[in-house]
Amino acid sequence: MRLTNCHNIEDFRRLAKQRLPWPVFDYIDGAADDEITKRRNTDAYADCDLVPDVLAGVADIDTSVTIMGRKSALPLILSPTALQRVFHWQGERAVAKAAEKFGLWFGISSLATVSIEEVGAMVSTPKMFQFYYHKDRGLNRSMIARCKAAKFDALALTVDTIVSGKRERCARSGFTSPPRFTPSSALSYAIKPRWALDYLFREKFALPNLDTHVTEGTGNAVSIASYFNSMLDVGMDWKMAEQLREDWGGAFCLKGIMSAADARRAVEIGADAIMISNHGGRQLDGSRAPFDQLPEIVEAVGGEIEIICDGGIRRGTHILKALSAGASCVSGGRLYLYALAAAGQPGVERAIGLLKDEIERGMRLLGVTSTDQLNSNRLRWRNRL
C-alpha cells in the first residue's frame, strides 16, 4: 500500500498500521477499557442525516471560519497530540507546515516533541498550546511564559486527564515515552527497520517543553498512564482554571467539556471557547460522543462561547454535520496522526486535502455557500430506538 492508495482517513490508518511497530500504532489507535467510546465518537455521525437544498447557486463557496479571533480556511483544527516524533521523525514540524499550507489552526501538546519556541517561529498560522496542569507549579509558570514569548494564539487547558484512563493496549505492549524495547515488543520494532533507523539515528527523542523541569518522559521512560497519574494535579478545580486564564491573559479554551452545566461554568469563568471532547475515548470509556452532546450544549451556551466539537471526525460530512448542529468548528487528532505516521508531511497534506475536497463537495451538494449558512434545520435525526 502506498500514499497514493489513500483516499480517506481509514486508508491512512491501514497504511500507518503497515508501517509502524505495533506498540506505536496501538498507542495512536487505542483507547480506554473496551474502546466503546472511541467507536461511538465516529458512529454518532451515522445517526444523523443531511437534507440538501437544490438549485441554490453554489458556484462560489466560503469554507472559512473565525475561531478565537483568528481565521481558519477550513472549519477544522488539528488537535494537539503528544509524542509525534515517535510516530514519524518529522513530528510536529510536519503538522505545523501542513497546517500553514492550508491556513488552519493547529495545536501542540505539553508533551510535544518539538519546542514551543521552534513551533512559534516556524509558522504564522494560528497556534494553540494544550496545557496539562502539573503539580510542579514552576513548570506550569514556565510553559505559560514560553507560550507568551513565542506568541501562541490560544491556551487550551485539558480538564479530563487528572487521572489516566485504562489504556489496555499500551499495558499489553509496554509502550512508554521514550519507547522502551522489551522482549515482547522487540520483534515488532525489528521488523519495521525504516521506523527503527529513523528513531535511532535521527534527532534524539525529547519532550522539550517539560524536560527543563522533569525527567519523566524524556530521561526516565514512563507510560503515559504513569505520567498522568504521578505528574498531573488531581486537585485541579474551577478556581485553578480561572486563575490560569488570568495568568495567561489571552484566548483561553477548556478542552474536555462534556456536560451543559460545565459549559455554563466555562462561560462564567470567561473562557473564549470549549472543546466538547472525551479525549478520543482514551479516558472514561462509556461516556457519550461529543457529537451526541453537541445539541444540549449549544442550547445551554450557544452564542455565548465558541464551541469546538472534538473527536471522531473521519469525513468532511462529519464536519458539516457538526456545524449544522451548532458547532463553531471541529477538531481531531487521529485524522492527521494516521497520515503523519504513514508518510510524514506529504501524508498530512494529503489527508487535509481530501477532507477539504469532501467539505467543498458536501457544501455544494447541500446547497450552502458559507459555513454560516449551515444550521440545525438541515439535520434530520433518526430515532435510535
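Heads up: the structure comes first, above all this text.
Residue indices follow the written sequence of each chain, beginning from 1 at its first position. In keeping with the predicted nature of the model, local features appear solely for residues at pLDDT of at least 70, side-chain atom pairs appear and are counted solely at 80 or more, and the whole-chain, interface and lining totals rest on all residues. With hydrogens and water stripped out, all remaining heavy atoms of the structure feed into the side-chain values.

A. The overall build of the chain, seen in detail. Helices and strands together make up the secondary structure of the chain, namely 16 helices and 12 strands. The globule rule used for comparison is 2.2 Å times the number of residues to the exponent 0.38, while the radius of gyration itself is calculated over C-alpha atoms. Its C-alpha radius of gyration of 20 Å places the chain within 12% of the 21 Å reference for a compact globule of 385 residues. Buried positions account for 61% of the 385 residues belonging to the chain. Each accessible area is a Shrake-Rupley estimate made with a 1.4 Å probe; only the visible protein chains count as cover when residues are assessed. Working note: accessible area of the chain is about 15400 Å², and carbon and sulfur atoms make up 51% of it. His is not counted here, nor are the chain ends, while Lys and Arg score as positive and Asp and Glu score as negative. By convention, the charge on Lys lies at NZ, on Arg at CZ, on Asp at CG and on Glu at CD. The centroid of the 49 positive side-chain charges in the chain is displaced by 6 Å from the centroid of its 45 negative side-chain charges. Runs of H or I in DSSP of at least four residues are treated as helices and runs of E of at least two as strands, each being numbered from the N terminus. Per-residue accessibility, obtained with a 1.4 Å probe over protein chains only, is compared with the maximum for each type, and a residue is labelled buried under 20%, exposed over 50%, and partly exposed between these values.

B. Broad picture of empty space enclosed by the protein. In this analysis the probe radius is 1.4 Å and the grid spacing 1 Å, with only protein atoms considered; a cavity is a set of points the probe fits into but cannot get out of, a pocket is an open set with protein on both sides within 12 Å along at least five of seven lines, and lining residues have an atom within 4 Å of a point. Grid points are joined across faces, edges and corners, and a volume is the space filled by probe spheres set on the points. Taken as a whole and judged by the stated rule, the model has 3 cavities of 30 Å³ or more. Its boundaries defined by the atoms lining it, the largest cavity holds a volume of some 450 Å³. What lines the largest cavity is a set of 33 residues, and nearest its centre among them are Pro80, Thr81, His279, Arg282 and Gly333. Contributing elements (two or more residues each) for the lining of the largest cavity: α2 (22-29), α3 (36-43), α11 (224-231) and α16 (334-366). Residues of the lining of the largest cavity, tallied by class, amount to 12 nonpolar, 14 polar and 7 charged. Looking at the second largest cavity, its volume works out to about 40 Å³. Each residue gets one label: Ala, Val, Leu, Ile, Met, Phe, Trp, Tyr, Cys and Pro are nonpolar, Asp, Glu, Lys and Arg are charged, and the others, such as Gly, are polar. Residue composition of the lining of the second largest cavity, grouped by class: 5 nonpolar, 2 polar and 1 charged.

C. How the structure looks around the layout of surface pockets. Computed from the structure, the largest pocket encloses a volume of approximately 410 Å³. Around the largest pocket, the lining comprises 21 residues; the ones closest to its centre are Val159, Asp160, Gly256, Ile257 and Asp262. Elements that contribute at least two residues to the lining of the largest pocket include exactly α12 (238-248) and β8 (251-257). When residues in the lining of the largest pocket are grouped by element, the largest group, 3 residues, is from β8. Taken together, the residues of the lining of the largest pocket sort by class into 11 nonpolar, 7 polar and 3 charged.

D. Local environment of the packing of helix α15 (residues 316-324) against α16. Fitted lines through C-alpha atoms serve as axes, helices being fitted only where they are in contact, and the angles separating the N-to-C directions of these axes extend from 0 to 180 degrees. The interhelical angle for the contact between α15 and α16, taken along N-to-C directions, is 55°, at an axis separation of 7 Å. When the axes of α15 and α16 are compared, the pair comes out oblique. Here α15 and α16 pass one another in a crossing that is right-handed. The residues of α16 that touch α15, namely those facing Gly316, Ile319 and Leu320, are Leu355, Glu358, Ile359, Gly362, Met363 and Leu366. Residues of the contact of α15 with α16, tallied by class, amount to 6 nonpolar, 2 polar and 1 charged. Any angle between 65 and 115 degrees counts as roughly perpendicular, while under 35 counts as roughly parallel, over 145 as roughly antiparallel, and the rest as oblique. If you view the pair so one helix is near and one far, a crossing is left-handed when the near helix is turned anticlockwise from the far one by less than a right angle, and right-handed when it is turned clockwise. Here a residue-residue contact requires only that any non-hydrogen atoms of the pair lie within 4.5 Å.

E. Examining helix α13 (residues 260-268) more closely. The complete set of buried residues in α13 reads Ala260, Ala263, Ala266 and Val267. The arc enclosing the buried residues of α13, seen along the axis, measures out at 110°, which places them on a common side. Exposed side of α13, more than 90 degrees from the buried face: Ala261 and Glu268 are the residues found there. Buried-residue contacts for α13 involve α12, β8, β9 (273-276) and α14 (290-301). Looking one or two places after α13, you find glycine 270, whose phi comes out positive at around 90°. It is the directions from the helix axis to the C-beta atoms that the arc portrays.

F. Region of the structure containing the pairing of strand β10 (residues 306-310). Here β10 lies mainly inside the structure; 4 of its 5 residues are buried. Strands qualify as paired when DSSP identifies two bridges or more between them. As defined by bridge partners, β9 adjoins β10 across 4 bridges and the pair is classed as parallel. By the bridge assignment for β10, alanine 273 is matched with glutamate 306. When the strands point away from the viewer and the connection leading from the first strand across the helix to the second strand turns clockwise, the crossover is called right-handed. Handedness of the crossover is the feature at issue here: the chain leaves β9, passes through α14, returns alongside β10, and the resulting connection is right-handed. Read as a crossover between parallel neighbours, the route from β10 over α15 to strand β11 (residues 329-332) is right-handed.

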